[in-house]
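# Structural characterization, general
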Amino acid sequence: MKRLRKVLIVLSAALFLVIIGCRKEADQGVAGKASVKTARPRAEYTGRQACTDCHKKQHELFVGSDHDMAMDVATEETVLGDFNDVTFAHLGVTSRFYKKNGKFYVYTEGPEGEFNDYEIKYTFGVRPLQQYLVEFPGGAYQCLPLCWDSRPEEQGGQRWFHIYGDERIVPRDIMYWTRITQNWNYMCSECHSTNLRKGYDRHKEAYNTNWSEIDVSCEACHGPGSEHVKWAEAAEKGQRYDAQGYLGLTIRLKDVEAATWVFRDPEKGTAERTLPRKTNTLVEMCARCHARRTLIHEEYVHNRSFLDTHMPSVLEEQLYYPDGQIYEEVYVYGSFLQAKMYQAGVECRDCHEPHSGKVYIQGNALCYRCHMVEKYGTAQHHFHKDDSTGTLCVECHMPERTYMVVDPRRDHSMRVPRPDLSDRLETPNSCIQCHDHKDESNRWAAEYTQKWYGELEGGKTHYGEIFYAGRRGYPEARGELIRLASDVQIPPMVRATALHLLRIYPSQDTVEALKKAIHDSDPLIRTVAVESLEMVNVDERFLLIKHLLWDPVRLVRVRTAFSLAGTSKGRMTTEERNQFEYALDEYRQVQYVNADHPTAHLNLGVLAMMEGDRRAAEVSYRKALELEPMLSFTYINLSDLYRQQGREAEGERVLHRALELNFDLADIHHALGLLYVRVKDISKALESLRKAAELEPDNSRYSYVYGIALNSTGKPQDALTVLNQALDRHPYDRDLLYALATLNRDLGNFEEALKYTERLIEVYPQDPNYRQLERLLRERLDKE
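A few points on the structure. (Residues numbered from 1 in each chain as written. Predicted model: local features only at pLDDT ≥ 70, side-chain atom pairs only at ≥ 80, totals over all residues. Heavy atoms only, no water.)

### Considerations on the overall build of the protein chain
What counts here: Helix numbering and strand numbering both begin at the N terminus, where a helix is a DSSP run of H or I of at least 4 residues and a strand a DSSP run of E of at least 2. The atom set for the radius of gyration is the C-alpha atoms, and the globule formula is 2.2 Å times the number of residues raised to the power 0.38. Any two residues whose heavy atoms approach within 4.5 Å are treated as being in contact. Here the open area of atoms and residues is found with the Shrake-Rupley method and a 1.4 Å probe, where only the protein chains shown may cover a residue. His is not counted, nor are the chain ends; Lys and Arg add positive charge and Asp and Glu add negative charge. Positions of charges follow a simple convention, taking NZ of Lys, CZ of Arg, CG of Asp or CD of Glu.
For the protein chain, the count of helices and strands is 35 helices and 17 strands. In terms of C-alpha radius of gyration, the protein chain reaches 28 Å, essentially the compact-globule figure of 28 Å for 784 residues. Reported as C-alpha extents along the three principal axes, the dimensions of the protein chain are approximately 100 × 65 × 65 Å. Taking the contacts inside the protein chain whose residues are at least 6 apart along the sequence as the reference set, 57% of them involve residues at least 24 apart. Accessible surface, the protein chain: about 37,500 Å² in total, of which carbon and sulfur atoms supply 50%. Across the protein chain, the 101 positively charged side chains and the 117 negatively charged ones have centroids separated by 4 Å.

### Quick notes on the packing of helix α34 (residues 750-763) against helix α35 (residues 768-783)
Quick reminder of the rule: Axis definition: a line fit to C-alpha positions, over the contact stretch in the case of helices; interaxial angles, taken between N-to-C directions, run 0 to 180 degrees. Here is the rule for angles: anything less than 35 degrees is roughly parallel, anything more than 145 is roughly antiparallel, 65 through 115 is roughly perpendicular, and the remaining ranges are oblique. By definition, any crossing whose near helix is turned counterclockwise from its far helix by less than a right angle is left-handed, and any crossing with a clockwise turn is right-handed. Under the scheme applied, nonpolar residues are Ala, Val, Leu, Ile, Met, Phe, Trp, Tyr, Cys and Pro; charged residues are Asp, Glu, Lys and Arg; polar residues are all the others, including Gly.
Two numbers describe how α34 lies on α35: the axes approach to 9 Å, and their chain directions differ by 155 degrees. Considering the angle they form, α34 stands roughly antiparallel to α35. Along this stretch, α34 crosses α35, giving a crossing that reads as left-handed. Within the contact between the two elements, α34 uses F750, E751, A753, L754, T757, E758, L760 and I761 and α35 uses Y770, R771, L773, E774, L777, R778, R780 and L781. Of the residues assigned to the contact of α34 with α35, the class counts are nine nonpolar, one polar and six charged.

### Considering empty space enclosed by the protein
Convention followed: Whether a set of points on the 1 Å grid over the protein atoms alone is a cavity depends on a 1.4 Å probe fitting there but being unable to get out, while an open set qualifies as a pocket with protein on both sides within 12 Å along at least five of seven lines; lining residues are those with an atom within 4 Å of a point. Grid points are joined across faces, edges and corners, and a volume is the space filled by probe spheres set on the points.
Within this structure, the stated rule accounts for three cavities of 30 Å³ or more. Of the voids in this model, the largest cavity is the one considered here, and its volume is about 190 Å³. Among the elements of the structure, β3 (93-100) and β4 (103-109) are those that each provide at least two residues to the lining of the largest cavity. Here the lining of the largest cavity is built from residues that sort into nine nonpolar, five polar and two charged. Around the second largest cavity, the lining is made up of 14 residues, and of these Q325, R415, V416, P417 and R418 lie nearest the centre.

### Examining the pattern of salt bridges
Where we set the bar: Salt bridge criterion: a side-chain nitrogen from Lys or Arg within 4 Å of a carboxyl oxygen from Asp or Glu. Three labels apply to residues, based on accessible area from a 1.4 Å probe with only protein chains included: buried if under 20% of the type maximum, exposed if over 50%, partly exposed otherwise in between.
Under the counting rule described, the total for this entry stands at 57 salt bridges. For E272, the salt bridge identified is with K268, shortest N-O distance 3.5 Å. You can call E272 partly exposed: its relative accessible area is 25%. Of the residues examined, K268 reaches a relative accessible area of 39% and is grouped as partly exposed.

### Looking at the packing of aromatic side chains
Aromatic rings in a pair are described by how distant their centres are and how their planes are angled relative to each other. Applied cut-off: Each aromatic pair joins two rings of Phe, Tyr and Trp (for Trp, the six-membered one) with centres within 6.5 Å, and gets the label stacked for planes under 30 degrees apart, edge-to-face for over 60, and tilted for any other angle. By definition here, charges over rings are those cases where NZ of Lys or CZ of Arg is within 6 Å of the ring centre and within 35 degrees of the ring normal.
Tallied over the full model, the rule gives 29 aromatic pairs. A centroid spacing of 5.6 Å and a plane angle of 35 degrees characterise the contact between Y107 and F115, whose relative ring orientation is tilted. Note on Y107: relative accessible area 31%, which makes it partly exposed. An aromatic cluster of at least three residues, connected via ring pairs, comprises F83, F97, F104, Y132, W148 and W160. Here the guanidinium or amino end of K100 rests over the ring plane of Y105, the centre of that ring lying 5.2 Å away. A cation over an aromatic ring shows up here: R277 above the ring of Y342, its NZ or CZ 4.3 Å from the ring centre.

### Structural notes on the pairing of strand β7 (residues 140-143)
Put simply, the rule reads: Strand pairing is assigned whenever DSSP detects at least two bridges linking the two strands.
Of the two faces of β7, the one carrying A140 and Q142 and the one carrying Y141 and C143 are both buried. By the bridge criterion, four bridges tie strand β6 (residues 129-136) to β7 in an arrangement that is antiparallel. Looking across to β7, one finds that E135 is bridged to Y141. Where β6 folds back on β7, the antiparallel hairpin that results is connected by three residues, among which G138 adopts a positive phi of roughly 75 degrees.

### What about the nonpolar core?
A general trend in soluble globular proteins is that nonpolar side chains are found buried together. Put simply, the rule is: Buried Ala, Val, Leu, Ile, Met, Phe, Trp, Tyr and Cys residues that are joined via side-chain atoms within 4.5 Å together make up what is termed a nonpolar core.
Judged by nonpolar contacts, the single largest core of 70 residues is most densely connected at Y333, F467, L481, L499, I518 and I545. Ranked by residue count, the leading element in this core is helix α19 (residues 492-501), at six residues. Core analysis: the next-biggest nonpolar cluster, separate from the first, contains 35 residues, V106, Y132, C147 and I180 among them.

### A word on unusual backbone geometry
Residue P128 follows R127 across a cis peptide bond; omega there is 5 degrees. Within the fold, P128 resides in the loop between β5 (115-124) and β6. The phi angle at D85 is positive, at roughly 55 degrees, despite the residue not being glycine. Summarising the element assignment, D85 is placed in the loop between β1 (71-73) and β2 (86-90). Even without being glycine, N101 reaches a positive phi, approximately 55 degrees. With relative accessibility at 75%, the residue N101 sits in the exposed group.

### Structural notes on helix α28 (residues 648-661)
Applicable threshold: Under the convention used throughout, the expected extent of a helix is 1.5 Å for every residue step, that is, one less than its residue count. Directions pointing from the helix axis toward each C-beta atom define the arc.
Here α28 is 14 residues long and its end C-alpha atoms lie 20 Å apart, about the 20 Å a rise of 1.5 Å per residue gives. Where α28 is concerned, the buried positions are E648, G651, V654, L655, A658 and L659. In an axial view of α28, the angular spread of the buried residues amounts to 140 degrees, which keeps them on one side of the axis. Along α28, exposed side chains directed more than 90 degrees from the buried face belong to R653 and E660. Structurally, α28 contributes buried residues whose contacts are with α27 (632-644) and α29 (666-678).

### Considerations on the pairing of β5
The sheet contact formed by β1 and β5 spans three bridges and is antiparallel. Note on β5: the bridge partner recorded for D72 is T123. Note: β4 against β5, five bridges, orientation antiparallel. Looking across to β5, one finds that V106 is bridged to Y118. Connecting β4 to the antiparallel partner β5 that follows it, the hairpin turn spans five residues, and E112 within it adopts a positive phi of roughly 60 degrees. As consecutive antiparallel partners, β5 and β6 are separated by four residues, and within that stretch G125 has a phi angle of approximately 90 degrees, a positive value.

### Side note on the environment of L737
Examined against the element boundaries, L737 turns out to sit in helix α33 (residues 734-746). For the pair L737 and T510, spaced 227 residues apart in sequence, the C-alpha to C-alpha distance is 23 Å. If sequence neighbours within four positions are ignored, L737 has contacts with L727, P731, Y732, Y756, R759, L760 and V763.

### Points about α27
Over its 13 residues, α27 runs 19 Å from end to end, which matches the ideal 18 Å to within 8%, given 1.5 Å per residue. Considered for burial, the residues of α27 that qualify are S632, T634, Y635, L638, S639, L641 and Y642. Looking at the residues trailing α27, positive phi occurs at G646, about 75 degrees.

Next comes the structure, spelled out in structure tokens:
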């Protein structure tokens, strides 16, 4: 839970990625060649009844699934939980579930720890759990943390449980159920109803959330159907109706290429698509709800780029293991985009019946449709007994991970198990997920896979090995990351992640790779390349990326505008200035629509600082703190603003307020330590810097600063101890190595200093300063 809380805070801090809003619609096209034109009247939402009159079979499949009950009004028919005056005790909090006057209630802990009676307004979900929504002032709905396990009793179900298991979430915790992280309007609503609009009014600070249908219905995927209905009515009468699109459909999800899968090479044993997949329309439509993503525009338009309205996460450290396996809840899309089958042209509907969401056939038979049973269904392939789970394709290639206590979900990257990498990369593998006995280790499993299959995946370096090194800043990762980012044969999600990691590797080679990436055909690649190009000074960056202000995809435009905020407008042409202002206004609209979340105001504060408006920045930061006092980065930004204004005493009070709420925030202790250094209160500075380094040893910067502070106060031996301990965790950290080299030099430990300098030269050969230091150290040693 502590890990999840940190994930939410870290992700929130980067939420210029929470971007919503645009008042014009740009055509899709090649990067840099967008145009704006007047749109034809759009189709309207008609409701499912208009669909079921003609599409009865699809409706029956849909009703047989759980989709149509994703959300509903709380009634005797929809509520699955036991509200017959029962109690549930969880870590000192006892809640009571009961009915009164035909309504459902829970008596439980609310804001500030006070117990209240809350009416259940809506149900949320069906299987394997059902959640419940409680209404709060201003149209806000919060997700109750007490859920009903709807599995059969023999499977451990038919009980109440807490969504965060055995961790006590106190009222002032950022994860508490009445805070923004558990707000239905912001966090959940879009994917559980049809044509939903959050409708947050930032001036009234209230929601007017509305939908066409309360649950997920036909038009959620097929788009507004009024034009199609008009076409069908006219066709039934033998008349002609000039509908927009094919048969008046907003989006055509049928494979118009009529491609099939055929076995061309019996030796290979896998089917191939007869025609290459030309579009990602279906996958991107599904991604709207089956991706770890951030909404960037409320007006979703079917058949447009997914990135025109959403920002998908890449394979970030807090969300995925280094090799791309699922870690947090990431909802399939980022996993699937890594898969070889996706690269081969497989789409969601190739395995899943679109209306029920269920796979066409249970068990290995589903896989045998494209993988010959004679090759992949034998012991010569899986090496397991016929009656064991090891014979099931999904158990090896799509292992499960459980979320929300009772909800197991399969990893859709469909990968080769790699127990040989697990110890090095600290990753799970499906072999040990089944064979979890004490005498069966990763090495044990790796020996068997080596014996059975030889070198896995042709002995090639797995991108997980590169990402593991890249996340830790290892210098040898730079060249491999550039290779991954530049290889168009590699899945775009992997390429985008490589570009994301390159942001900490400033070099000419890196810049050249990013220059190519900003012209890539994939908008995700262009977006992440813009982010990483912030290593280049803003004047050069403007020349490189200004064309992306006209990009046909909204996400690319707003990310580019943010990157160029603060640029001198005097160097722009009139056309460039107008487009820059337009795209920057899009970015502001993003924050306004998401103004119910504190990070939107944090982002507006950062933007104001980039534009030199410190007063506006302070107003935005304070608003962010008002909305969510537990977001630590806001305190740091506000304190730094006061530093720039010479208001250090106010900055100190701001940071102490954060520690009063949560004393274990390493970022706050570090910021406070730097403040004390500036005001020359050295004893307090050392104490705060020490605390930061202890709380977050994986942050090498905190240990480095603490070590330098110790040395500057006449404690060089203590400094050496701190820096060497940090180096054990971060063996390639440039600052740590250089500090140890120069500190040992100053103490006369020239051999030790030379040892660290040689390591610097080995891993950072491009820096001439290290060779100069080596030369001086050898000269000193020669004189002794």
